[in-house]
Amino acid sequence: MHAFVLGGSKNIGYYAALRLLEQGATVTFLLRRTSVFDDDEQMKPYLKTGKATLVAGDGLKIDNVQKGWEAALDAGNGSVDLVLFTIGGTPSFSLTKGVVLDPVDLCTRSLLNLLRTMPASLREPASQPRFIVVTSRGITHASHDTLPCALKPFYNYVLAGPHADKLGAERVLAHCMGRPWSSEADGEPKETVLPRDWKSLPGLPAEGELKHVVIVRPALLTNGECNGDNAKEGKAPYKAVAGEIDSGYTVSRRDTAHFIVNGAVNNWEKWEGQGVCLVY
């Protein structure tokens with residue numbers, strides 16, 4: 001298996017990419033700074049053997065993403081089996097503006113660039129890679145309604161910017177997957193995140209063109225350990241539910257990566273076409 005990973009310098013993307021490498025896959029990373037792994041003892045063996053390929057590039061720059069695709073095709077001998085997209089912004093606090101995300105469309109624009117530059121050789125259904133895209137629980141109106149009351153103020157204030165961005169990504173995915181979208185139940189992205197004419201952007205897959213997608217929607221993320229690696233027999237380390245879930249508060253980044261590889265990738269037929277909530 002060859003994977004193309006965007007957002008793999010740290011957190012979910014990094015942990016998932018390591019799992020893929022440990023299971024024998026090869027990985028092409030698109031990284032703003034390829035030096036990020038210079039002192040990474042876990043990654044060094046894969047870099048030395050060529051199992052991991054690093055490409056300098058920014059997801060916000062469409063030509064950089066195209067270069068990443070080309071490198072992934074080359075490393076995968078003409079094919080890409082899996083695309084893992086975990087790009088997301090971290091909000092900062094401004095005394096004058098409050099909690100802000102800069103740029104406001106980091107996730108959405110990067111995803112658009114990824115889909116628009118998808119190589120012609122990978123566009124036919126039989127040759128399309130599997131896409132795993134990480135967004136978040138609580139993004140749409142319907143999903144937000146399922147959040148525990150204690151979390152809603154935090155989501156409304158601290159995570160408002162990142163979630164507005166990821167709502168744009170979810171809207172794009174719904175279109176490309178051919179899934180229904182309701183302005184009332186799901187909401188509509190701000191035009192600062194998703195421009196009004198986005199459906200006419202050159203290269204964007206047509207409605208329903210993407211056939212092999214899983215959307216992963218983790219709950220409030222923590223830096224906790226991976227329960228999935230130490231699960232007791234008969235007891236699930238976390239809940240993975242297709243659709244919405246009306247309980248639970250958090251899940252760790254490591255367990256999210258565990259689900260991506262050990263759950264979604266290794267049990268693809270079960271999860272394909274689903275939006276999966278993860279929570280303890």
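Since this is a predicted model, take the numbers as computed values, not measurements. (Residues numbered from 1 in each chain as written. Predicted model: local features only at pLDDT ≥ 70, side-chain atom pairs only at ≥ 80, totals over all residues. Heavy atoms only, no water.)

Novice: Quick one: what's the story with the packing of aromatic side chains, residue by residue and with numbers?
Specialist: Here the distance between the centres and the angle between the planes together describe a pair of aromatic rings. In the structure shown here, the tally under the stated rule is 6 aromatic pairs. Seen from their ring centres, Phe259 and Trp271 are 5.3 Å apart, and the 80° between their planes marks the pair as edge-to-face. You can see Phe259 sitting in helix α8 (residues 253-265) and its partner Trp271 sitting in helix α9 (residues 268-271), a full 12 residues away along the chain. Trp271 matches Phe259 in its accessibility class, with the two residues each being buried. Three or more aromatic residues link up through ring pairs in this structure, and these residues are Tyr14, Tyr15, Phe29 and Phe37. One cation-aromatic arrangement involves Arg130 over Trp268; the distance from NZ or CZ to the ring centre is 5.4 Å. (Phe/Tyr/Trp six-rings, centres within 6.5 Å; stacked < 30°, edge-to-face > 60°. Helix = DSSP H or I, 4+ residues; strand = E, 2+ residues; numbered from the N terminus. Buried < 20%, exposed > 50% of the residue type's maximum accessible area, 1.4 Å probe, protein only. Lys NZ or Arg CZ within 6 Å of the ring centre and 35° of its normal.)

Novice: Tell me about a nonpolar patch on the surface, and name the residues and values.
Specialist: A surface patch of nonpolar side chains, about 430 Å² in accessible area, is lined by Phe93, Leu95 and Tyr157. Inspection of the secondary structure assignment puts Phe93 in strand β5 (residues 92-94). You can call Phe93 exposed: its relative accessible area is 58%. (Patch = residues over 30% accessible without salt bridge, like charges linked within 9 Å, V, L, I, M, F, W, Y side chains within 5 Å. Areas by Shrake-Rupley, 256 points an atom, 1.4 Å probe, with all protein chains shown as cover. Salt bridge = Lys/Arg side-chain N within 4 Å of Asp/Glu carboxyl O.)

Novice: Break down the environment of Ala75 for me, with residues and values.
Specialist: Along the chain, Ala75 turns up in helix α3 (residues 62-75). Owing to a relative accessible area of 29%, Ala75 belongs among the partly exposed residues under this scheme. Along the backbone, Ala75 and Leu115 are 40 residues apart, and their C-alpha atoms lie at a distance of 19 Å. Setting aside chain neighbours within four positions, we find Ala75 in contact with His2, Thr28 and Thr53. (Contact = heavy atoms within 4.5 Å.)

Novice: Report on the environment of Glu269, specifying residues and quantitative values.
Specialist: Relative to the helices and strands, Glu269 is located in helix α9. In this structure, the C-alpha to C-alpha distance between Glu269 and Ser110, residues 159 residues apart in sequence, is 27 Å.

Novice: Run through helix α4 (residues 106-116), naming residues and quoting values.
Specialist: Counting buried positions over the 11 residues of α4 gives 9, a clear majority of the element. Within α4 the residues assigned to the buried category are Leu106, Cys107, Thr108, Ser110, Leu111, Leu112, Asn113, Leu114 and Leu115. Structurally, α4 contributes buried residues whose contacts are with β1 (2-6), α3, β4 (82-85), β7 (130-134) and α7 (160-177).

These figures come from the coordinates and say nothing about function on their own.
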